[in-house]
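One letter stands for each residue in the lines below.
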Amino acid sequence: MDVLVENVTQVWGGGSRAEVVALDHLSHRFRSGRFACLLGPSGCGKSTLAQIVGGLESATSGSVRIVDPAAPAVARPLGADSVMVWQTLNLFPWRSVIDNVAFGLEVRGVPPAERYARARTLIASVGLRGFEKHLPGQLSGGMRQRVALARALIMERPILLMDEPFAALDAQTKIVMQEELLRIFEATRKTILFVTHAIEEAILLGDEVVVMTARPGRIKEVIPVDLPRPRSLEMVSSPEFGALFDRVFHLIREEVTAAMRQQDQMAAAS
Amino acid sequence: MTRKQGKGAAWFAERVLPIGSVVLFVLVWEVYVRARGIAPIYLPAPSAIAVYLWRMILDGTMEYHLGVTLLRIFAGFAVAAVAGVALGVAMGMSRIVAAVADVWIAALYPLPKISLIPLLIIWLGTGEAYRIVISAVTAFFPIVISTYAGIRQADRGLVKAAQDLGANARQIQLKVVIPAAIPAIFAGLHLGMGVTIILIVAAEMIGGSSQSGMGYLLINAGQVMETEKVFASLVVLAVVGAIVIKLQQWTDRRVAPWAHRDDR
């Protein structure tokens with residue numbers, strides 16, 4: 001599934017409150033089966049873009065279309081082909097691991113025997129066998145992250161939207177989860193939109209790094225990452241990786257500086 | 001070694017000190033009353049209160065009045081809980097219900113419910129109905145307000161996640177919004193239980209035609225200056241009230257263990 005973003009603008013506030021332009025006429029084609037990383041300073045609207053693509057926010061103007069390259073004429077409703085993994089995870093705290101993972105099937109009306117069987121398989125595949133009956137509050141951050149991933153994967157939707165999913169994890173757990181995600185990507189070849197503010201993560205995971213500007217969010221540059229797959233963490237020390245890192249770093253530094261200046265101004269104004 | 005000592009000190013502070021303070025208080029009270037020779041009609045010694053309490057338990061008066069009061073408390077609380085949670089949920093799910101109910105709640109909530117007692121006695125007499133109604137009406141408000149607030153403040157992230165996973169509006173209400181409100185509903189039920197206990201005992205003091213209940217026991221003993229009986233009743237009320245609240249907390253933990261985790 002291609003994700004075709006055309007002239008998307010998102011404006012918050014208005015009326016009595018000051019308008020904030022989060023996204024400004026942003027256009028990009030996220031290609032089918034590719035791993036795209038959206039990289040930008042905080043507040044640049046990258047999470048908003050992911051939510052608009054997932055049909056969870058509506059853009060002020062512009063359009064997002066999901067296009068199946070095999071049947072480009074068929075119009076597809078937004079949200080039906082994608083599933084989100086949230087930064088805040090948004091696991092249901094009163095539901096056990098298995099009932100969290102099976103939620104999507106439950107609301108679709110899949111009978112219990114079938115949905116639990118499928119949930120069990122996925123829970124095992126993310127390494128959580130034996131924790132089916134635990135509540136999210138009884139798990140570590142990394143384990144909760146795996147539950148969130150399994151809950152999204154069970155939907156078997158071709159597009160995976162990930163909003164800074166590993167931002168809250170400690171360094172070691174983050175590495176393990178990145179490798180896990182790379183393995184899943186190799187196995188499923190989903191279209192992935194991965195929002196992050198970590199340059200290294202974006203290069204390690206992505207086929208392309210979409211660098212965004214500070215508010216209002218525009219695309220500053222799209223940098224293709226042609227490191228071979230399967231990727232591994234050792235690549236971080238290769239000269240190719242280093243060259244890409246330098247390039248992205250220089251682009252992002254200007255934007256982070258700009259974003260900090262904006263925040264200072266907003267703090268001074270309020 | 002030092003850590004063990006630290007733990008021992010914490011254990012002493014958390015477990016021994018609270019009980020110790022009660023024991024010390026009772027001892028000081030006993031010694032003070034005996035030393036100063038205070039008349040029991042003003043302040044009976046704890047030992048004298050204990051003797052009266054024991055006698056009242058042996059002849060069955062305490063069990064009878066306590067049982068009657070507890071039944072009334074649970075009846076009033078049950079009515080308030082069912083009505084309060086039901087209306088709170090309905091308000092959370094329908095803007096029209098919320099708008100209409102909000103006017104009534106805004107007008108009636110600040111009214112001290114005890115001021116309704118004369119009217120209720122005119123309408124209902126001084127029987128069981130009046131006591132149940134006055135306590136249920138009072139407990140209803142904190143329950144409905146907490147329930148409504150809990151439903152309105154349901155985590156937007158959870159709602160969006162459910163929507164993303166394909167849940168429709170009705171499924172979101174039933175499977176996300178209402179469960180997410182359970183901690184707030186429990187908070188409302190705790191407040192409701194507290195005021196039910198207060199109102200039932202107060203109502204038993206006024207218009208005690210049924211001649212029963214802890215409130216009747218208290219007011220009756222007070223009128224004939226049996227101060228030991230007054231204190232014995234107060235002790236029972238305090239202990240039973242604490243037990244009821246603890247039971248409620250225990251039920252909460254059983255029903256909604258996720259709501260009490262600190263590490264969520």
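A few points on the structure. It should be emphasised that the depicted structure is a prediction, and the values quoted were computed from it without experimental measurement.

## Observations regarding the overall build of chain A
Consideration 1: Looking only at helices and strands, one finds eight helices and nine strands in chain A.
Consideration 2: Computed over the C-alpha atoms, the radius of gyration of chain A is 19 Å, within 12% of the 18 Å expected from 2.2 N^0.38 for a compact globule of 270 residues.
Consideration 3: Counting only C-alpha atoms, chain A reaches 55 × 50 × 45 Å along its principal axes.
Consideration 4: With 270 residues in all, chain A has 53% of them scored as buried.
Consideration 5: Partitioning the contacts of chain A with sequence separation of at least 6, the portion at a separation of at least 24 is 73%.
Consideration 6: Looking at chain A as shown, the accessible area adds up to about 11700 Å², and 53% of this sits on carbon and sulfur atoms.

## Notes on the environment of Glu-200 of chain A
All names here are of chain A.
Consideration 1: Take Glu-200: it is sitting in helix α7 (residues 199–205).
Consideration 2: C-alpha separation for the pair Glu-200 and Gly-79, spaced 121 residues apart in sequence, amounts to 29 Å.
Consideration 3: Excluding residues within four positions of it along the chain, Glu-200 makes contact with Val-236, Phe-241 and Phe-245.

## Regarding the sheet that holds strand β4 (residues 61–67) of chain A
Residue and element names in this part refer to chain A.
Consideration 1: The antiparallel open sheet is built from three strands, whose spatial order is β2-β1-β4. Looking at strand neighbours, the two that pair on one side only are β2 (17–30) and β4, the edges of this open sheet. Between one strand axis and the next, the sheet turns through 15 degrees on average, direction left out of account.
Consideration 2: Of the strand pairs in this sheet, strand β1 (residues 2–14) and β2 are connected by eight bridges, and their pairing is antiparallel. Bridged to Val-8 within β2 is Leu-26.
Consideration 3: Across the sheet, helix α1 (residues 46–53) lies against β1, β2 and β4, angled at about 120 degrees from β1, the strand it touches most.

## Digging into a nonpolar patch on the surface
Residues and elements named next belong to chain B.
Consideration 1: Together, Ile-96, Val-100, Val-103, Trp-104, Leu-108 and Leu-111 give the surface a local cluster of nonpolar side chains, amounting to about 610 Å² of exposed area.
Consideration 2: Residue position: Ile-96 is located in helix α4 (residues 95–108).
Consideration 3: What makes Ile-96 exposed here is its relative accessible area of 66%.

## Concerning the sheet that holds strand β3 (residues 35–39) of chain A
Residue and element names in this part refer to chain A.
Consideration 1: Spatial strand order, β5-β6-β7-β3-β8-β9: six strands in an open sheet with mixed pairing. Taken across any chain shown, the strands that pair with only one partner, and hence form the sheet edges, are β5 (82–85) and β9 (219–224). With strand direction ignored, the average angle separating the axes of adjacent strands in the sheet is 15 degrees.
Consideration 2: Of the strand pairs in this sheet, strand β8 (residues 208–212) and β9 are connected by five bridges, and their pairing is antiparallel. From the neighbouring strand, Val-210 faces β9, where its bridge partner is Val-222.
Consideration 3: Helix α5 (residues 141–153) rests against β5 and β6 (159–163) of the sheet, and its axis sits at about 175 degrees to β5.
Consideration 4: Contacts from helix α6 (residues 171–188) reach β3, β6 and β7 (191–196) within the one sheet, and its direction differs from that of β7 by about 160 degrees.

## A few points about the pattern of salt bridges
Where side chains of opposite charge bring their charged atoms close, a pairing between them can arise.
Consideration 1: For the structure on display, the rule yields 25 salt bridges over all chains.
Consideration 2: Salt-bridge contacts for Arg-229 of chain A lead to Asp-207 of chain A; the nearest nitrogen and oxygen are separated by 3.0 Å. Of this pair, Arg-229 of chain A sits in the loop between β9 and α8 (239–269) while Asp-207 of chain A is found in the loop between α7 and β8, placing the two residues 22 residues apart along the sequence.
Consideration 3: Of the charged contacts, one joins Arg-72 of chain B and Glu-204 of chain B as a salt bridge, the two residues approaching to 2.7 Å between their closest N and O atoms. With Arg-72 of chain B in helix α3 (residues 61–93) and Glu-204 of chain B in helix α8 (residues 169–205), the pair connects residues that are 132 residues apart, well separated along the chain. Both residues of the pair, Arg-72 of chain B and Glu-204 of chain B, belong to the buried class.
Consideration 4: Several salt bridges share partner residues, and in doing so they unite Glu-186, Arg-189, Asp-207, Arg-229 and Arg-231 of chain A into one network.

Calculation notes
- Each chain has its residues counted from 1, following the order in which its sequence is written.
- Throughout, the order in which chains and ligands are written sets their labels, letters from A for the former and numbers from 1 for the latter.
- Local features in this predicted model are restricted to residues whose pLDDT is 70 or higher, and side-chain atom pairs enter the listing and the counts only when it is 80 or higher, whereas totals over whole chains, interfaces and linings include all residues.
- Only hydrogens and water are set aside when side-chain values are computed; all heavy atoms of the structure are taken into account.
- Per the convention used, a helix needs a DSSP run of H or I reaching at least four residues, while a strand needs a run of E reaching at least two, with both numbered from the N terminus.
- What the globule rule says is 2.2 Å times the number of residues to the power 0.38, and the radius of gyration is computed from C-alpha atoms.
- Three labels apply to residues, based on accessible area from a 1.4 Å probe with only protein chains included: buried if under 20% of the type maximum, exposed if over 50%, partly exposed otherwise in between.
- Contacts are assigned to residue pairs with any non-hydrogen atoms lying within 4.5 Å of each other.
- Under the convention used here, a 1.4 Å probe and the Shrake-Rupley method define accessible areas, while residue burial counts only the protein chains that appear.
- Whether two strands pair comes down to DSSP finding at least two bridges between them.
- Geometry is summarised by axes, namely lines fitted to C-alpha atoms with helices restricted to the contacting stretch, and by angles between N-to-C directions that run from 0 to 180 degrees.
- Only residues whose relative accessible area exceeds 30% and that take part in no salt bridge are eligible for patches, with like-charged residues grouped when within 9 Å of each other and nonpolar side chains (Val, Leu, Ile, Met, Phe, Trp, Tyr) grouped when within 5 Å.
- Between Lys or Arg on one side and Asp or Glu on the other, a salt bridge is scored when a side-chain nitrogen of the former is within 4 Å of a carboxyl oxygen of the latter.

Functional significance is not addressed by these values, which are geometric in nature.
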